[in-house]
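# Structural overview
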Amino acid sequence: MRATRFHRSVLHIAVLLAFGAGSAAADNSAPTHWAYVAPSRPVPPTVQAAGWARGPLDRFVLQRLESEGLAPSPEAGRATLLRRVTLDLTGLPPTPAESDAFLADPSPDAYERAVDRLLASPRYGERMAWEWLEAARYADSNGYQGDGERTMWPWRDWVVSAMNRNLPFDAFTEWQLAGDLLPGATREQKLATGFCRNHMINGEGGRIAEENRIDYLFDQTETTATVWLGATFNCTRCHDHKYDPFTMRDYYGLLAFFDRTAVDGGGGDPQSKPNLEAPTDEHERQRAELGAESRTVAATIAAIEGRLFPRPGDKPAGESESAKPLPEAIRRDLAGEPARRGADALGRLEAHWRGKDDDYARALSRLKGIVERRAALDRSVPRVMVMEDVAKPRETFRLLKGAYNRTSDRVDASMPARLVDTARPPRQGDAANRLDLARWLVSPGNPVASRVAANRAWQLFFGTGLVKTSEDFGTKGEAPSHPALLDWLATEYQRSGWDTKHLHRLIATSATYRQSSRATAGLLDRDPENRLLARGPRHRMPSWMIRDTALQAAGLLAGSVGGPPVKPYQPGGVWEEATFGAKRYEADHGAALYRRSLYVFWRRIVGPTMFFDAANRQYCTVRTARTDTPLQALLLLNDTGYVEAARVLAGRAMAASPETGARIDVLYRRVLGRSASAEERAILAGGLARHRERLARQPEEAGRMLAVGESARPAGLDAVEHAAWTLVAGTVLNLDEAISKE
Amino acid sequence: MDPLSEHRRLLTRRTFLGQGAMGIGSAALAGLLSRDARAAGNPAGPGWGHTHFAPRAKRVIYLFQNGAPTHVDLFDYKPELVKRHGQPVPDEYIAGRRFSTMTGKAEGKKLLAPVEPFERHGQSGAWVSRLMPHTAQIADELCFVKGLHTDAVNHAPAISLLLSGSQIPGRPTLGAWLAYGLGSEAESLPAFVAMTSVTRNTTCGQIFYDFYWGSGFLPSRFQGVKFRGSAEPVLYLDNPPGVDLASRRGQLDDLARLNELKRAECGDPEIATRIAQYEMAFRMQASVPDLTDLSREPKSVFDLYGPDARQPGTYAYNCLMARRLVERGVRCVQLMHAGWDQHRSITTELYNQCRDTDRASAALVLDLKQRGLLDDTLVVWGGEFGRTPFIQGSLEDRPNWGRDHHPYAFTVWMAGGGVRAGLSHGETDDLAMNVVRDSVHVHDLQTTILHLMGLDHERLTYRFQGRDFRLTDIHGELVKGILA
């Protein structure tokens, strides 16, 4: 029966009464929610099958299994295990050589050494950066109308580098939220604050600047709350939180920390100040080169001017007696040191002396060229929007209903009151700044961050966090499946000095992680989502990992790290249709087509079409969906990039052996990291025969298929044969196993 | 051989989709095209075929006029505005009102009469501008809702509010909610389809953000699938060069057999979904060419919609496609046409907008009616807000007359599926500035559309971040007055 409005209001009143005053924040008598009590280090429990556990982590899992009357699964096969951990730690499948070496290594710590090798790989930082970029709503354009291109990618490269260097998570936090405020802040520490400026920028005509500015602050506040507090702060923008102990005052108190930059919200400049020049090595090299060239030519000019315009040493050439007859404008252009003159002045001087003194005119022209090249170079240097506080803090107010122009009472910069440990209070108010906030977030005084961060690490490996709602640790979020394990991981993370690689190594080398993902009917029935962890993780890979895997298997993947974003193949007209032709997508050529997905240009208003179930990069996202739609299958079957990968992969199999079974094996080893079974070979060989028979009748079709993608075809391959193998390789790349981690 | 019938033959040859050897039933398939909308942990979604009460409409076509059409010049006739043309806007009409920064303060702005005369039409006597002659012809089929108002004063936030219930992008849109709540009746098409068009040579720059048909925090299978006005209506639909139907079929057969081996070995039920996913992709490849093949449409149809309907990417083509989509069971078609943002082109581009949209909008309603589909198809025409009754620009400069954004009143018309035809609902003041009777907030409009589809807006919820979200946020009143 449908509840009437009256029934519902009675219920509502009852709820209000039960909770005291209508918001959890105002209720001080309720027992504190588990997530808001700092974790204390639990003692790993005693278990019956103690021999199974490889460390404390496993004992927590095993205790739960034993209490449920379940036993863990056996360890996964070695090939499966290597592929699983290589995907998790580097986002790529193992190469056949890596698989061979691992399978041939009989030593008892072969697996641990493989994990260490992967943790040390530069691919590790690239893989770990993806989720951080999603949380940081990183993109290469502003979003909204106009969607101007920004150059935040040096910040993205910094993330990769910080992950690879294993910058401890506390420093990782402090630098990104407040690197500019660290004593003696380095360029790198300032660059890291680009995190805060990754929000969208609205340049729509008619927008009120202050409204934009407040929107940006909302975004910074809510991103911080999601990433470090697991809190749904967006609820408290307009009213005290209905379920969690956060007030509007808490919201605007947190916002106040960010409300002190010179950003005014006006316009849509995608490099709006404060910003930081981030020249690449190539920029620096060219600058040095131009500087040297400029000095030489300027010296030549100075020598000529010394001859043409004799004068006392400290006077400019324009004040020489011999300059008197020259037109006023030319005398002005001669005022400064040659090296300091602008391109316009140099141009006028050159025009004046052309035909009169050709050596002088030539030198002036050369210098003008250098000045112009230098200006163009400066313009091409990326500028990363960063944080920088103004001297006098702005006053921050509570905004009624979150409306930018409905200011209420003044609010001090402060940490959420219910999370503050009164025994060790952080600095708050006017004297406090973002650095105080950042330090508090990763201090033992904040009860939430260590659990939230450790949970995201777990989610990375197992597909689901110990707290499934990794974005919400509040009372409406899900309770942890293994509370003691979560506390142990959180305290271990802190105890290790926020050593992220240590945390990842703990998980990757655990017996829990090493279990086979095979599921019996009974177990599936009992625990369909594998929350009890009686088996290893198995799920479809993120779409970016599927793409990187295909490129790697084909041997197409370009290895270079970092740099400006790239544009791989994308169907024509997608940007044009979304922007009425204002933005044209032109795919890159050569190696840029085969860079890792991390480096693909992300236009906010219309994201890259080759990804699915990815965060939209508009707002902070720490958990993405895993869905299955026919559109995904169409993409993986038909996209130019995947068809080309299949073609190149087929070429490699053909080059490796003349024999069908061996070729199929090459496909399997490159894509799945294992050999094909006899049955699998038979199915694919049957397909090959069919494709071959058809294409032999239609050789022009084979030619068309092989023309897909830019990369060159190896010489000497029979076209019909190569096309038939391309279809077989395409089948392998689309296998459930190929697009799943298991 | 006819490729389409060959395609169908290949489809029926297969047994995967039956309750056959592989045991992949329609249940697994259903999930892929949102036929079973229930999501884990979210029992609130009633699921396919389960409405909260008897629906009046089974599908919605939203003719979204992006950029905000001028209610003042098209449907909301005010003789007083004609009389006071050129006079400053009286303060009491605009006190405390906030306008776009392009207008800034509205004080002292001059009132601007509609640029074309209005006439009464049909038995209902509805006032319609001469700019909309075809719409005028079907006035008795329409319900004009003249009391619409919204909270947002800029395009993207206002469109987002109207379509998703929130000014901030990222919530599920109406079509996604309908797909989630009701599933799809289509065998091989998505439940929610979006299409876009723009008037040729328009100076406006409104962009179609994909969050306008996004699924927000709902599973992404509920998001609108963008059909493009080009050779490949759905991204990646076409097989690569050199791959024909038979070889693709063979490839998918091999793939299914190999995946089935894997399923037997590892026991993951997700693999059954995977097989179905690829099968459904094949079906979609089969059905879309049939959908976009207009060769069997009789000449009378093109006479009705106009010659543009043969031209992919035009509004008229999209209107015809909308009819073909709902005929095939698509739940929600969201058609978006940009170019209505006439800040300085009321005397120029407004005419082009009307020329490009009027005939096809009316044709769609008539076409649906002729086919007996109008009874259970709801058609909604309207933008994100209205335009100011006062001028943007200078009275002396007629070629550049314009009107600014106006969130305080605008007109939407609805037809079919359970709304009262021939009704003019609500009223603005004598200058079309503010609503004075039967005001309808955009949340109320959403409530009413859901109601017509058999859904209670307070019960169509999805739990996310610990909260049960609704399309209507915490608002929404049913507009009973427009129900048939």
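Just so we're clear, the structure is a prediction, and the values are computed from it rather than from any experiment. All residue numbers refer to positions counted from 1 along the written sequence of the respective chain. To read the labels, note that chains go from A and ligands from 1, taken in the order they are written. For a predicted model such as this one, the threshold for reporting local features is a pLDDT of at least 70, and the threshold for listing and counting side-chain atom pairs is 80 or more; totals across whole chains, interfaces and linings nevertheless cover every residue.

## With respect to the overall build of chain A
For helices the rule is a DSSP run of H or I covering at least 4 residues; for strands it is a run of E covering at least 2, with both sets numbered from the N terminus onward. On a plain count of helices and strands, chain A comes out with 28 helices and 6 strands. Considering only C-alpha atoms, chain A reaches an extent of 105 × 80 × 55 Å along its principal axes. Counting the 742 residues in chain A, one finds 50% classified as buried. Whether two residues are in contact is decided by their C-beta atoms, placed from the backbone, lying within 7 Å. The contacts in chain A between residues at least 6 apart in sequence include a share of 68% that link residues at least 24 apart. Residue burial here comes from a neighbour count, namely the number of other C-beta atoms, placed from the backbone, that lie within 10 Å of the residue's own C-beta, with 20 or more meaning buried, 12 or fewer meaning exposed, and in between meaning partly exposed.

## Some details on the interface of chain A and chain B
Across the contact, 69 residues belong to chain A and 57 residues belong to chain B. For the side of chain A that touches chain B, the leading source of residues is helix α26 (residues 678-697) of chain A, giving 8 residues. Amino acids outside the nonpolar list (Ala, Val, Leu, Ile, Met, Phe, Trp, Tyr, Cys, Pro) and the charged list (Asp, Glu, Lys, Arg) are all regarded as polar, and Gly is one of them. Classifying every residue of the side of chain A that touches chain B gives 28 nonpolar, 21 polar and 20 charged.

## Here we look at helix α9 (residues 245-266) of chain B
An α-helical turn contains 3.6 residues, so a residue and the one three or four places further along point in the same direction. With 22 residues, α9(B) should cover 32 Å at 1.5 Å per step; its first-to-last C-alpha distance of 31 Å lies within 8% of that length. Residues of α9(B) that are buried include every one of Ser247(B), Arg248(B), Gln251(B), Leu252(B), Asp254(B), Leu255(B), Ala256(B), Leu258(B), Asn259(B), Lys262(B), Arg263(B) and Cys266(B), and no others. Of the surrounding secondary structure, the elements contacted by the buried residues of α9(B) are α26 and α28 (719-733) of chain A together with α10 (270-292) of chain B. Positioned one or two residues after α9(B), Gly267(B) has a phi angle of 80°, which is positive. Each helix should span, by expectation, one fewer than its residue count multiplied by 1.5 Å.

## Here we look at unusual backbone geometry
In this model, Lys273(A) is joined to Pro274(A) through a cis peptide bond whose omega is 0°. Looking at the element boundaries, Pro274(A) is found in the loop between α11 (248-258) and β1 (275-277). Positive phi is not limited to glycine here, since Arg617(A) has a value of about 60°. Among the residues examined, Arg617(A) registers 23 C-beta atoms within 10 Å and is labelled buried. The residue Ala68(B) is not glycine, and still its phi comes out positive at about 80°. Considering the arrangement of structural elements, one finds Ala68(B) in the loop between β1 (59-66) and α3 (71-74). With 26 C-beta atoms packed within 10 Å, Ala68(B) lands in the buried category.

## Comments concerning the confidence of the model for chain B
Residue and element names in this part refer to chain B. Scored between 0 and 100, pLDDT is the confidence that the predictor attaches to each residue. For chain B, the average pLDDT comes to 87, and 88% of its residues sit at 70 or higher. The model gives residues 12-31 a pLDDT under 50, and that stretch makes 25 contacts with residues more than four places away or in other chains. When the criterion is pLDDT under 50, residues 33-48 qualifies, and its contacts beyond four places in sequence or with other chains add up to 49 contacts. Here the prediction assigns the complex a pTM of 0.84, and the interface score ipTM is 0.89.

## Quick word on the confidence of the model for chain A
Mean pLDDT over chain A: 92, with 96% of residues reaching 70 or higher. The low-confidence segment residues 1-26 of chain A, where pLDDT is below 50, has 23 contacts with residues more than four positions distant or belonging to other chains.

## Observations regarding helix α21 (residues 543-554) of chain A
Residues and elements named next belong to chain A. With 12 residues, α21 should cover 16 Å at 1.5 Å per step; its first-to-last C-alpha distance of 17 Å lies within 8% of that length. Of the residues making up α21, those classed as buried are Ser543, Trp544, Met545, Ile546, Arg547, Asp548, Thr549, Ala550, Leu551, Gln552, Ala553 and Ala554. The first or second residue beyond α21 is Gly555, which carries a positive phi of 75°.

## Notes on the pairing of strand β2 (residues 118-121) of chain B
Two strands make a pair as long as DSSP finds a minimum of two bridges between them. One ladder, built from 4 bridges, connects β2(B) with strand β3 (residues 126-129) of chain B; its direction is antiparallel. The partner of Phe118(B) across the bridge, within β3(B), is Ser129(B).

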